[in-house]
Amino acid sequence: MTILLLALRRLAASLPTLLVILAGLFLLLQLAPGDTVDALMAQMGGGDPATAEELRRYYGLDLPAAAQLARYLWRLVQLDLGQSAIYGKPVATVIAERLPVTLMLMGASLTLAFAGGTCLGVLAARRIGQWPDTLISTLGLMFYATPSFWFGLMGIVLFAIHLGWLPAGGIEEVGAGYTGVTRLLDIARHLVLPTLTLALVFLATYLRIMRASMLEVMNLDYVRTARAKGLGETGVIVRHALRNALLPMVTLVGLQAGTMLGGSVVVESVFALPGLGRLAYESVVQRDLNTLLGIVFVSALLVITVNFVVDLIYGRLDPRIAAGR
Amino acid sequence: MAALARYWRNPAALLGAVLLLLVVAVALAAPVLFPKDPLGLAGRPLQWPFVNPKVWLGTDASGRDIAAQVFHGARVSLLIGLVATVIAIAIGIAVGAVAGFYGGIVDDVLMRVTEAFQTLPNFLLLLVLVAVFGSDITTVTVAIGLVSWPAPARLTRAEFLTLRNREFVQACRVLGMGDARIIAREILPNALPPVIVYASVVMAVAILLESALAFLNLSDPNVASWGNLIGAGRGVLRTQWYVSAIPGVAILVTVLAVSLVGQGLNDALNPRLRGPAPVKTAA
């Protein structure tokens, strides 16, 4: 019950934000040169101005801007994102086809970055000032400063071209006709390099936050109490310190959801993965603004969802937060 | 001055300063060492580095000098990074200051807009802006600035919230000072240091954003940019991987330098307060 209430309240809180986003996107559409009818006419190979007028009236493009905005919003609420100019299908369908790959990539990268960042951060905090800390912190800085597409390319050079361990791109072996578990394994193999590429940057940030957060928590009274009652070091870390040190990490996941989506544009382009990011890139190159805006809209929804889930996890980790609302 | 002394005692910060100076020197030296157009033909294509002393870093698939492109690329990267950062910080400070100072409905509205920008994936928004307004270097720079302001805005707002009811501000009010003057002359100088330190994060991210755009061929193709060069090297990755590898190192060094200097400044200015780790955006 409380969770449901929380969910509703969160949803209500994100509505104004969503409205601002939609209005902003609409405005951008107005600023873009040409409109839907221009695109349609170009597709049909040109036509006379009278037909264009007719079509404009049909699509409601002759209405005042406010009325157009209302129509646009109403369509979006129904998840009608219009037609894709290059794929000749509804944008929503195209996006739905591409979404799974991006979600897989993001999920795998997030898991790797979070788990790796936590472990390395704790390790660095335990050995602060000693060589493991220096090594881990230096590596983190390097990962942070490296453009992910370059990581990807160098990964391809080393692991795909020279060692031949992993495929250089694509989501699965085309034409191999794998089914069931074999197909899953094949997809997993194709995702190894992209996941690493996307995850390293985030891993760097997570390990830094985890290290700082761990250092802070380890000095608090309740950790001293836990030690005083004779709990072993591992017990203190796992049962007491970690749970609280994880809070800022969880916040970061929400903050970086959008960043990760943006990063997947580049990574999917490097590895030719048929995901949302690759679709965004293709629609920019081919000037398919309708599709591009649809992707941006769906991404915003995704970010809001991730933030909502993060809030729920937050409440589980720290009951005070849920109770305080 | 104590802060400056603390800065120089920090080896990581020192390394950052040295690297940054190196990159700036490279940028300044570019027109002197490579006066010819870096995108012009320099010799036989795909010569490996350290083989031909005339083109010591080799040539790319179109026979252009890689060293010349790397040197001129430093100018482009630093310039885009600096200008985009100035734009982002200026918008951020303006929005954050007004929101934090006035509070209430003004704050609500501005924060909704900020939130909207933070909800939209940075890089996707950048793609939309480039798709709508084109991708010459000015547009790209402004667009990067336009997607990077929310974090500085939040930071400024937080500072203003803690400062706006302090005694010295109340004293100004009693003296009859106008809002604009209190914001700009009294509160802002006190709120500025953390925002300035954060500018290093914005700049690092801006450089990475531009390189990612250029890598995807969506930045200005008529300038020698590191990202352009990496993207061009993709076609010959199988055998001539150095074409992509070399400019990547240049980006890494530059972003590392900017980050280290920022972190060093942060540690030197707030020795007790460990600032938030940079929240990375895109690329």
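The rules behind the values
Along each chain, the written sequence defines residue order, and numbers are assigned to residues from 1. Chain letters and ligand numbers both follow the written order, the letters beginning at A and the numbers at 1. Where totals are concerned, whole chains, interfaces and linings use all residues; where local detail is concerned, this predicted model gives features only for residues with pLDDT of at least 70, and gives and counts side-chain atom pairs only at 80 or more. No hydrogens and no water enter the side-chain calculation; it runs on all heavy atoms of the structure. By the criteria applied, helices consist of DSSP H or I runs no shorter than four residues and strands consist of E runs no shorter than two, each listed in order from the N terminus. The buried label applies to any residue whose accessible area, calculated with a 1.4 Å probe on protein chains only, is under 20% of its type's maximum; exposed applies above 50%, and partly exposed to all values in between. Any two residues having at least one pair of non-hydrogen atoms within 4.5 Å are treated as being in contact. Method for areas: the Shrake-Rupley scheme with a 1.4 Å probe, in which residue coverage is limited to the protein chains shown. Just so you know, the count uses Lys and Arg for positive and Asp and Glu for negative, and it drops His and the chain ends. Positions of charges follow a simple convention, taking NZ of Lys, CZ of Arg, CG of Asp or CD of Glu. Angles here are taken between N-to-C directions and fall from 0 to 180 degrees, while the axes themselves are lines fitted to C-alpha atoms, restricted in helices to the stretch in contact. Note on terminology: angles under 35 degrees are roughly parallel, angles over 145 are roughly antiparallel, angles of 65 to 115 are roughly perpendicular, and the others are oblique. Each residue is assigned to one class: nonpolar for Ala, Val, Leu, Ile, Met, Phe, Trp, Tyr, Cys and Pro, charged for Asp, Glu, Lys and Arg, and polar for all the others, Gly among them. What counts as a salt bridge is simple: a side-chain nitrogen of Lys or Arg found within 4 Å of a carboxyl oxygen of Asp or Glu. For this analysis, a nonpolar core means a set of buried residues of the types Ala, Val, Leu, Ile, Met, Phe, Trp, Tyr and Cys, connected via side-chain atoms within 4.5 Å.

Novice: Is there a simple way to think about the overall build of chain B in this case?
Specialist: A tally of helices and strands in chain B yields eleven helices and zero strands. Order of helices (α) and strands (β) in chain B, N terminus to C terminus: α-α-α-α-α-α-α-α-α-α-α. Considering only C-alpha atoms, chain B reaches an extent of 75 × 45 × 30 Å along its principal axes. Considering chain B as a whole, with its 283 residues, one finds that 54% of them fall into the buried category. Once local pairs closer than 6 in sequence are excluded, the contacts in chain B between residues at least 24 apart make up 72%. Accessible area of chain B: about 12200 Å², with a carbon and sulfur share of 67%. Across chain B, the mean location of the 20 positive side-chain charges is 7 Å away from that of the 14 negative side-chain charges.

Novice: Honestly, the packing of helix H5 (residues 91-126) of chain A against helix H11 (residues 276-285) of chain A in this entry has me stumped. Any pointers?
Specialist: Think of two packed helices as two axes; the pair is described by the angle between the axes and how far apart they sit. All names here are of chain A. Look at H5 against H11: their axes get within 7 Å of each other, and the N-to-C directions meet at 130 degrees. In terms of axis orientation, H5 runs oblique to H11. Residues Val 94, Ile 95, Arg 98, Leu 99 and Thr 102 of H5 form the contact with H11, whose participating residues are Leu 276, Gly 277, Arg 278, Leu 279 and Glu 282. Here the residues of the contact of H5 with H11 are counted per class, giving five nonpolar, two polar and three charged.

Novice: Would you mind going over the pattern of salt bridges with me for this structure?
Specialist: Opposite charge on two side chains makes pairing possible when the charged atoms of those side chains draw close. Residues and elements named next belong to chain A. For the coordinates displayed, the defined rule picks out eight salt bridges over all chains. Linking Glu 282 and Arg 278 is a salt bridge whose minimum nitrogen-to-oxygen distance equals 3.4 Å. Remark: Arg 278 and Glu 282 occur in helix H11; sequence separation between them is four residues, near one turn of the helix. The exposure class assigned to Arg 278 is partly exposed, which follows from its relative accessible area of 22%. It is possible to trace a salt-bridge network through shared partners that takes in Arg 98, Arg 278 and Glu 282.

Novice: Help me out: how do you make sense of the nonpolar core in this one?
Specialist: In this structure, A:Phe149, A:Met214, B:Phe123 and B:Leu127 are the most contacted members of the largest nonpolar core, which totals 176 residues. Considering each element in turn, this core owes the most residues, 20 residues, to helix H9 (residues 179-215) of chain B. Setting aside anything within four residues of it in sequence, one finds A:Phe149 in contact with A:Val266, A:Val270, B:Ser211, B:Ala212, B:Phe215, B:Ile230 and B:Ile251.

Novice: Would you explain the side chain of B:Gln69 in this entry?
Specialist: With respect to the element layout, B:Gln69 can be found in helix H3 (residues 66-102). Apart from the residues lying within four places of it in its own chain, the contact partners of B:Gln69 are B:Pro38, B:Leu39, B:Asp60, B:Arg64, B:Ala224, B:Trp226 and B:Leu229.

Novice: When you look at the side chain of A:Thr118 in this model, what are you seeing that I'm missing?
Specialist: Along the polypeptide, A:Thr118 turns up in helix H5. Residue contacts for A:Thr118: discarding those within four places in its chain leaves A:Met210, A:Leu242, A:Leu246 and A:Met249.

Novice: Is there a simple way to think about the packing of helix H8 (residues 167-174) of chain B against H9(B) in this case?
Specialist: All names here are of chain B. Following both chains from N to C, one finds H8 and H9 inclined at 170 degrees, their axes separated by 11 Å at the closest point. When the axes of H8 and H9 are compared, the pair comes out roughly antiparallel. Taken together, the residues of H9 that come into contact with H8 (itself represented by Phe 168, Val 169, Cys 172 and Arg 173) are Ile 182, Glu 186, Ile 187 and Asn 190. Each residue belonging to the contact of H8 with H9 can be placed in one class, and the counts come to five nonpolar, one polar and two charged.

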